[in-house]
Amino acid sequence: MDVAMDEADSLEALSGVLECLTENPYDISLHAEHIRIARATNLDDQVESALEMMTAFWAAGESVWLPLIERRTSTGDLESPEDLRAILDLYTRAEQDYLSIPLLQKHLEFLVERYEHFAESESKPEGLGELFSPDWMNETLAKVADQGIGHLTKSHLLWDIRRDWEFERLQNASGEDRERLANLVEAMLLERLQQPHSSQYTSTYIPRTAYSSFTTNHKPHDQYESLLVQATKLRSRSVKGYQLRERLEASLEQASFSLEGYAYYLGVERRRKTPDMFVVKPLYERAIAEADKRRLSGEPGAEDALRAFWTGYVDFLRSQSVDDEQLLLTFRRGMRSVPASGELLARYMRFLERALDSEEAAVQISVVYEKAQSVAPLLSDVEQLVAAVLARAGFEKRSIEAGSSGEDYESLLQILVDGISKVRKASKTGDPRLRLEKYLSAVAQCLDVDDLHANAVVMWEDTAKHYKTSYLAWTSYTDVLIKEHMYDDVRKVFRDVSAKHLDWPEAIWDAWVSFEQLHGTVEELENALAHVERAQTQVNARRAKEAEKAQLAAAQLIAETQASTVLAAQAPVSVKTESAPETIAMDVDPSAATGSHSKRKADDEDSAESSKRPRMALTEKHTEEQPAKLKRDRENSTVFVGDLPAGVEDEELRALFKDCGVIREVKITQLPNSLVATVEFLERDSVPAALTKDKKRVRGKEIAVHLAWRSTLYVTNFPEDADDTFIRTLFGKYGEIFDVRWPSKKFKSTRRFCYVQYTSPTSAENALELNGTDMEEGRRLSVYISNPERRKERTDSDANEREIYIAGLSKLVTKEDLETLFKTYGNVKDVRMILDDKGKSKGFAFIEFTTEPEARAALAANNHELKKRRMAVTLADSRVKPKNKAPGYREEVRNRSVRVKNLPPNTQEGLLQQALEKHAKIKRVEVFADINEAELELESPAEAGKLLLRQDPIEFNGNTLQIVAENTTGPPTSCPIAPPSGTSGFFVPRNAVSRPRAGLGSKQRGFGTGQAGGSRPGAPAAGGSASSANSGGGAKGQDDFRKMLLSGK
């Protein structure tokens, strides 16, 4: 909303934003601010100037173009050929940016209005020529309407205008001209009948009725039936085409045309066996226009979505083999829309290389790339910048190999060096994956030019000094020295960095030892091993010290938290204070499935027992008068609201329920087929009044209100490998599922239950028929209504107290042996024995009993001898942590832990663990909801390495997860781990970036013939000695290359 500003403030703000735009014209937020301030001045010329400046640098949507066109139309002379041409050109420019139905509709209406005006006046300005002639109108109206004809729900707004004009023209025609126009109209109607769109279902479907009337008036009567039969067949195919998308269109509308909705819709269309160009192309245009609108309003993530839509669009067009002219126009539009997208720029340059001859491609690619260097957002984004530089360098390399650029590699070298310099300026961390440096080094190897080999050595020396703590930079430096047979320099580098504070010192040590085993003498190998041993001692001591500091800091934080908790507990509780959110497990009502309505005394006993507990510093009388502390009771205080009309807002629901009681929270959720909400009250006494709102109307639509737990099922005893998809598939046939909630396994890894919540109680009641279903041998599914009043009957509520842990077992012990032994203490519910690869016991197991007393009775088996081994038996409550950990335990846990970033809001730990267990063996997951991150503890460092070094991205609920190494001494690094060329796994470091084959140069030349202990004759040495090589012959020497590197810093 524009803020009222006086004239002086407006002009001052306008001057400030113009100054910023002069420095950074590719900051779209500055353009949005410029337009806002210009409108606040109420000066039309300033508004027009702001709108024009926006269109000069960026593709603009209808919110920019329509006001600009309206102003030009209102101020221009519509009788002047020059002004009319200027307005038409403005429409053409606007329509090239984004698809806009209102803009196209405005254009068609303008054309028809001007045509009718000139027809009524029976005169037309001489300078217009063919403009606004009947044939020109026919062609132009068709061209404008066709731009939006693929919009399945709004294309009729354009086609109707064109149809009305064509029919009026046909009615006014006579003779041969009438017959010619009749043929044109017939072709137009038949073409429309074959195009899928939303108005095809109605009995008054206009193209069908129009064609029927047209056939009656302009075709022989004996052909009427045959023509209509043919038209009906044509229409049937298009009707089926729309039926395939009707649900997707409805879901998209219900989702308020969200970017996620468009992404899902596009994914469905792209996955079809034969994607329909008529549907997919306009769908991309709609998604792009919506993303631009949201970006201009400042919506987070809209820029990334817009880039993804554009790259997906051009990839789709290329896969459909569209002509180069259309693809070229799309690329140009895309670069106006997202000039900071290096991925799109890279695709554009590759397209130019493929579509044009070598000379023209070289010119066009150079122009495009140089223009991109002025886009500040691109130069500040490492990922986009690297993609652009690699594409530009790739073209230059292929030109050299093809001979079109001769043997001059200076331009390629300059592109890469400039790119490396820009990457290091763009971010303090630069590119941890060193992609440009690796590419330059690989180019030197491929082209096999001595000068490039020498330059590669200098480049890696400079890179290692810049990325001082990167093991990847140092190992890459030593690799290139090994390829050049500069063994003395390799040893010097290894000695210098072996004890430095690197992100992965183990890689350096391993590389050094591997190098000496291949190229060193026995003395040099032993010397390296001694250095490595000393370095290991130093690094381990440093890590232990860091761990001790972290432990002390954590202990201090815990002490402070406990102290503040005690103070808060002593403070009086105010009824009006809203308690912090807490997670409360739902409870079940087995009587709904079994028919039992018997009451138990456990609750009464609990309450009686609690009443006997003494109250500190309070008399009994005061205790009775003191109000009880409020506890959040979601299950009993929440109602579920279904069948909501599209677009309903939070305030409307609050107004509906405001007379029922104090509302704590309202959450509106868009499901694929409906819009629902949950309303939580501060007190459970408000719920009965809220339930009276059932069948009330909101925006004219009847809504449904019920207690949330009545549509929720507690499900347990399903197969161990069952996941979210399994549960949704099993229960989805009974009704629309609102949510499936899974328990966290961080305290107990064997928890196997979940809550399935439907949008209606009827669906939950119907699903109760699954109770008792045989899922596998000896296992029957348990399904109950999740009644909060039946808290004690929840099967898993005391699972930790009903399970024992057995250690010290013989490898010869079987599951049957344990079951036979322990069933003497009670009813054994489950036996889980941990087995090795050969199916033998690893020496420990878990046994779950039906009741807690049975589990405690089984503790008597402690020290019992079974197959000549005495076993230890304890309760398996994993929340009871041992006080003293084994030496190195914390270090070992850190080595197999990783951090997961970019989680969707409200991520469930159980669901996240399910998703990641498909890629690695997970031991524990803990989600930090306030920062949308999670900590993962895996079974081994090798499993952590597998997850960190995974090349393909992991998608979770629409988000691409970032897997990074856990940082123990501070906040975790934000740099995602890069996929390496190969993997091996014994230890994964903090902040590790990739994992090459340590110490070995690929494709070593002259293996076994080079000098074992020194530098190759004539080869440059590391450090300063490298500059003396290859100084003659007119080629640039290493001093020149070093200056080139340093000039960009």
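Values in this document were obtained by computation on a predicted structure and should not be read as measured data.

Secondary structure assignment for the protein chain yields 40 helices and 24 strands. Here the protein chain holds 1049 residues, and the buried ones make up 47% of them. When contacts within the protein chain are restricted to residue pairs at least 6 apart in sequence, long-range pairs at least 24 apart make up 66% of them. A total of about 53100 Å² of accessible surface is found on the protein chain, and carbon and sulfur atoms cover 50% of it.

Moving on to the packing of aromatic side chains. A complete count under the given rule lists 25 aromatic pairs for this structure. Both rings, one in Phe118 and one in Phe132, keep their centres 5.6 Å apart while their planes meet at 70°; by these two values the pair is edge-to-face. Of this pair, Phe118 sits in helix H6 (residues 101-121) while Phe132 sits in the loop between H6 and helix H7 (134-146), and the two are 14 residues apart along the sequence. With a relative accessible area of 3%, Phe132 lands in the buried category. Seen from their ring centres, Phe331 and Tyr348 are 5.3 Å apart, and the 15° between their planes marks the pair as stacked.

This part takes up the side chain of Arg435. With respect to the element layout, Arg435 can be found in helix H21 (residues 435-447). Overall, Arg435 belongs to the buried group, its relative accessible area being 18%. In contact with Arg435, other than residues within four places in its own chain, are Glu383, Val386 and Leu390.

Read across the sheet, 4 strands follow the order S8-S9-S7-S12 without closing on themselves; strand pairing throughout is antiparallel. In this open sheet, the two edge strands, each paired with only one partner strand, are strand S8 (737-741) and strand S12 (782-785). For this sheet, the mean angle separating the axes of adjacent strands, direction not counted, is 20°. Pairing analysis gives 5 bridges linking strand S7 (residues 712-716) to strand S9 (residues 753-758), with the strands arranged antiparallel. Considered in S9, the bridge of Leu713 is made with Val756. Its contacts with the sheet place helix H33 (residues 724-731) against S7, S8, S9 and S12, and it is angled at close to 145° to S8.

Our next topic: unusual backbone geometry. Even without glycine at this site, Ser256 takes up a positive phi of about 55°. By the element assignment, Ser256 lies in the loop between helix H11 (224-254) and helix H12 (259-270).

Here the focus is the UniProt feature "coiled-coil region" (unreviewed entry) in the protein chain. According to UniProt, the feature "coiled-coil region" (unreviewed entry) maps to residues 515-542 in the numbering used here. From the first C-alpha to the last, residues 515-542 spans 26 Å; its make-up is 93% helix and 0% strand.

To continue, consider H6. A rise of 1.5 Å per residue sets the reference length of H6, with its 21 residues, at 30 Å; its end C-alpha atoms lie 30 Å apart and thus fit the reference within 8%. Those residues of H6 lying buried are Ile101, Leu103, Leu104, His107, Leu108, Phe110, Leu111, Val112, Arg114, Tyr115 and Phe118. Next to the buried residues of H6 lie helix H4 (62-75), helix H5 (81-97), H7 and helix H8 (156-171). In this structure Ser100 caps H6, since a side-chain oxygen of it lies 3.2 Å from the backbone nitrogen of Leu103. At the exit of H6 stands Glu122, carrying a positive phi of roughly 55°.

Quick look at the environment of Arg286 now. Inspection of the secondary structure assignment puts Arg286 in helix H13 (residues 277-296). A sequence separation of 187 residues divides Arg286 from Leu99, and the C-alpha atoms of the two residues are 6.4 Å apart. Once residues lying within four places of it in the same chain are set aside, the contact partners of Arg286 are Leu99, His151, Leu152, Thr153, Glu249, Leu252, Phe257 and Tyr262.

Our focus in this paragraph is the environment of Met349. Within the secondary structure, Met349 is located in helix H16 (residues 342-355). Once the C-alpha coordinates of Met349 and Phe331 are considered, the two residues, 18 residues apart in sequence, prove to be 9.7 Å apart. Excluding its chain neighbours within four sequence positions, the residues that come into contact with Met349 are Ile365, Tyr369, Ala388, Ala391 and Arg392.

To continue, consider the environment of Gly148. Among the secondary structure elements, Gly148 is positioned in the loop between H7 and H8. Residue class for Gly148 comes out buried when judged on its relative accessible area of 1%. C-alpha separation for the pair Gly148 and Trp159, spaced 11 residues apart in sequence, amounts to 8.9 Å. Among residues more than four places away in sequence, those in contact with Gly148 are Leu99, Ile101, Leu104, Ser155 and Leu158.

All right, on to the nonpolar core then. Of all hydrophobic cores here, the largest spans 152 residues; its most connected members are Phe132 and Phe309. Here this core spans two domains, since at least three of its residues come from each of domain 1 (151-220 + 229-255) and domain 2 (448-553). In this structure Phe132 touches Leu84, Leu88, Leu111, Arg114, Tyr115, Phe118, Lys124 and Met137, once residues within four positions along its chain are discounted. In this structure, Leu656, Ile663, Val898 and Ala934 belong to the second largest nonpolar core, which totals 64 residues.

The next subject is the confidence of the model for the protein chain. Low-confidence regions, as indicated by low pLDDT, have predicted coordinates that should not be scrutinised in detail. On average, residues of the protein chain score 80 in pLDDT, and 79% of them reach the 70 mark or higher. Per-element confidence in the protein chain ranges from a low mean pLDDT of 39 for helix H29 (residues 620-625) to a high of 96 for H16. Low pLDDT, under 50, characterises residues 565-630; the stretch is placed with 78 contacts to residues that sit more than four places away or in other chains. Throughout residues 968-1034 the model reports pLDDT below 50, and contacts reaching past four residues in sequence, or to other chains, amount to 163 contacts.

This next bit is on the sheet that holds strand S3 (residues 675-681). The 4 strands lie next to each other as S2-S3-S1-S6, forming an open sheet whose pairing is antiparallel. Each having just a single partner strand, strand S2 (663-670) and strand S6 (704-707) make up the two edges of the open sheet. For this sheet, the mean angle separating the axes of adjacent strands, direction not counted, is 20°. Examined bridge by bridge, strand S1 (residues 638-644) and S3 share 5 bridges and lie antiparallel to one another. Paired with Val639 across the bridge in S3 is Val679. Sitting on the sheet, helix H31 (residues 650-657) is in contact with S1, S2, S3 and S6, with an inclination near 135° to S2.

At a closest axis distance of 9 Å, the pairing of H16 and helix H17 (residues 358-372) adopts a crossing angle of 165°. Taken together, the axis directions place H16 and H17 in an arrangement best described as roughly antiparallel. Classified by chirality, the crossing of H17 by H16 is right-handed. For the pair H16 and H17, the contacting residues are Leu345, Tyr348, Met349, Leu352 and Glu353 in the first and Ala361, Gln364, Ile365, Val368, Tyr369 and Ala372 in the second. A class-by-class count of the residues in the contact of H16 with H17 yields 9 nonpolar, 1 polar and 1 charged.

Take the pattern of salt bridges next. For the coordinates displayed, the defined rule picks out 56 salt bridges. Note that Arg318 and Asp315 form a salt bridge whose closest N and O atoms lie 3.2 Å from each other. Pair noted here: Arg318 and Asp315 are both in helix H14 (residues 302-319), with a separation of 3 residues, about one helical turn. Here Asp817 ties to Lys867 by a salt bridge, and the two come within 2.8 Å at their closest N and O atoms. Residue Asp817 is located in helix H35 (residues 815-822), and its partner Lys867 is located in the loop between strand S16 (865-866) and strand S17 (869-870); the two are separated by 50 residues in the primary sequence. Bridged by salt links that share partners, the residues Asp44, Glu48, Glu52, Arg71 and Arg72 form one connected network.

This next bit is on H7. Between its terminal C-alpha atoms H7 stretches 18 Å, which fits the 18 Å expected from 13 residues at 1.5 Å a residue. Among all positions of H7, only Trp136, Met137, Asn138, Thr140, Leu141, Ala142, Val144 and Ala145 are buried.

Basis of the calculations
- Residues numbered from 1 in each chain as written.
- Predicted model: local features only at pLDDT ≥ 70, side-chain atom pairs only at ≥ 80, totals over all residues.
- Heavy atoms only, no water.
- Helix = DSSP H or I, 4+ residues; strand = E, 2+ residues; numbered from the N terminus.
- Buried < 20%, exposed > 50% of the residue type's maximum accessible area, 1.4 Å probe, protein only.
- Contact = heavy atoms within 4.5 Å.
- Areas by Shrake-Rupley, 256 points an atom, 1.4 Å probe, with all protein chains shown as cover.
- Phe/Tyr/Trp six-rings, centres within 6.5 Å; stacked < 30°, edge-to-face > 60°.
- Pairing = 2+ DSSP bridges.
- Axes fitted to C-alpha atoms, helices over the stretch in contact; angles between N-to-C directions.
- UniProt positions renumbered as here; feature names shortened; annotations may be inferred.
- Expected span 1.5 Å × (residues − 1).
- Polar contact = N/O pair within 3.5 Å; in protein donor to acceptor, adjacent residues only side chain to side chain.
- Core = buried A, V, L, I, M, F, W, Y, C linked by side-chain atoms within 4.5 Å.
- Domains from an automatic or database assignment.
- pLDDT = per-residue confidence, 0-100.
- Parallel < 35°, antiparallel > 145°, perpendicular 65-115°, else oblique.
- Left-handed = near helix turned anticlockwise from the far one by under 90°.
- Nonpolar A, V, L, I, M, F, W, Y, C, P; charged D, E, K, R; others polar.
- Salt bridge = Lys/Arg side-chain N within 4 Å of Asp/Glu carboxyl O.

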